[in-house]
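Structural description and commentary
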Amino acid sequence: MLFQDYKFSQKLFSNKKVLEVGCNQGMTTLQISKFSKSVIAIDNNKNHLSIAKKKRKKKNIKYIKINFFDKKKMLRLGKFEVIYLREIFNFLKIEEKKKIVKILKKNLKQNGKIIVTDFYASVFLRKKFLNFFKLKIVNLFQIDKKSRLYHFRDKNELEKFFNKFNMNISIFQKDPLKEHIDLLSKIIENIYPCKFTVILSLK
Ligand SMILES: C[S@@+](CC[C@H](N)C(=O)[O-])C[C@H]1O[C@@H](n2cnc3c(N)ncnc32)[C@H](O)[C@@H]1O
């Protein structure tokens, strides 16, 4: 598949029991399920989940409605080999990011991994490129100040944040699940990468 780092995705999810946090309408869930043993996909939006259940149904996927900040319900899900969050971190405040990592650590098997894929703050420049190409000229001058607060600027900032959890950290400049992204975004992301994937494991 064009621009798809198949080996990277395979390495992350192959034969694993996965918890996907914030699965939306199941587009990323379906991609994970191609590699993994099973996926429990959670979201707190019932409309998204009902679309996922209709359109992206598979034997090894189970969709569940849960608020990921609900500690008790999260604990009841059990333990996983991989816990994956894609495009969740960018809309959480720093305190909420800490809270969710602490909750998810309790859902992690001893040799498991928490994997976070998200945007660096440089995504805002990419958005401007995209708006330019799509001739959305008005949007070029809009500044998303609120979101900017919650995006990490670079690898150093990421390391500083994740070092608080006393876990092993590796950082990649890749997004393992891109099948559902439109071609123009893929091309621009290839020229001007602005995403990271952090892999955390217990020490
Ligand atoms: C930007 S989407 C991420 C979609 C998907 N992971 C992807 O990469 O395409 C964020 C999702 O998180 C869900 N969400 C937000 N807050 C949540 C919460 N507290 N508990 C569970 N899901 C939540 C939203 O309903 C939404 O579907």
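The notes below deal with the structure included here. (Residues numbered from 1 in each chain as written. Predicted model: local features only at pLDDT ≥ 70, side-chain atom pairs only at ≥ 80, totals over all residues. Heavy atoms only, no water.)

1. A look at the environment of Phe152
- Positionally, Phe152 belongs in the loop between α7 (145-148) and α8 (155-162).
- Residue classification places Phe152 among the buried positions, given a relative accessible area of 5%.
- Considered as a pair, Phe152 and Phe89 are 63 residues apart in the sequence and their alpha carbons are 9.5 Å apart. (Helix = DSSP H or I, 4+ residues; strand = E, 2+ residues; numbered from the N terminus. Buried < 20%, exposed > 50% of the residue type's maximum accessible area, 1.4 Å probe, protein only.)

2. So, the nonpolar core
- Core analysis: the biggest nonpolar cluster contains 32 residues, and Leu19, Leu85 and Phe162 have the highest contact counts within it.
- Of all the secondary-structure elements, those providing two or more residues to this core are β1 (17-21), β2 (38-43), β4 (80-86), α5 (94-105), β5 (108-119), α8, β6 (167-172) and β7 (195-202).
- Element by element, the count of residues in this core is highest for α5, at 4 residues.
- Setting aside anything within four residues of it in sequence, one finds Phe162 in contact with Phe89, Val101, Val116, Ile169, Val198 and Leu200.
- Counting residues in hydrophobic clusters, the runner-up holds 12 residues, among them Val18, Val82, Tyr84 and Ile115. (Core = buried A, V, L, I, M, F, W, Y, C linked by side-chain atoms within 4.5 Å. Contact = heavy atoms within 4.5 Å.)

3. Details of the packing of aromatic side chains
- Inspection of the entire model under this criterion finds 12 aromatic pairs.
- Look at Phe68 and Phe69: their rings are 5.0 Å apart centre to centre, the planes differ by 70°, and that puts the pair in the edge-to-face class.
- Exposure remark for Phe68: the relative accessible area of 12% places this residue in the buried category.
- Residue Phe69 is classed as partly exposed on the basis of its relative accessible area of 22%.
- Ring geometry for Phe89 against Phe162: centres 5.8 Å apart, planes inclined by 20°, an arrangement best described as stacked. You can see Phe89 sitting in the loop between β4 and α5 and its partner Phe162 sitting in helix α8, a full 73 residues away along the chain. Each member of the pair, Phe89 as well as Phe162, carries the same accessibility label: buried.
- Each member of the aromatic cluster is reached from another via a ring pair, and the members are Phe89, Tyr120, Phe152, Phe161, Phe162, Phe165 and Phe196. (Phe/Tyr/Trp six-rings, centres within 6.5 Å; stacked < 30°, edge-to-face > 60°.)

4. Quick look at the site of the ligand
- Residues in close proximity to the ligand total 17 residues, the closest being Gly22, Asn24, Asp43, Phe68 and Arg86.
- Here a nitrogen atom of the ligand sits 2.9 Å away from a polar atom, N or O, in the side chain of Asn67.
- Starting from 600 Å² of accessible surface for the ligand in isolation, the protein chains cover 82%.
- The residue inventory of the shell around the ligand, partitioned by class, reads 5 nonpolar, 8 polar and 4 charged. (Near = heavy atom within 4 Å. Polar contact = N/O pair within 3.5 Å; in protein donor to acceptor, adjacent residues only side chain to side chain. Areas by Shrake-Rupley, 256 points an atom, 1.4 Å probe, with all protein chains shown as cover. Nonpolar A, V, L, I, M, F, W, Y, C, P; charged D, E, K, R; others polar.)

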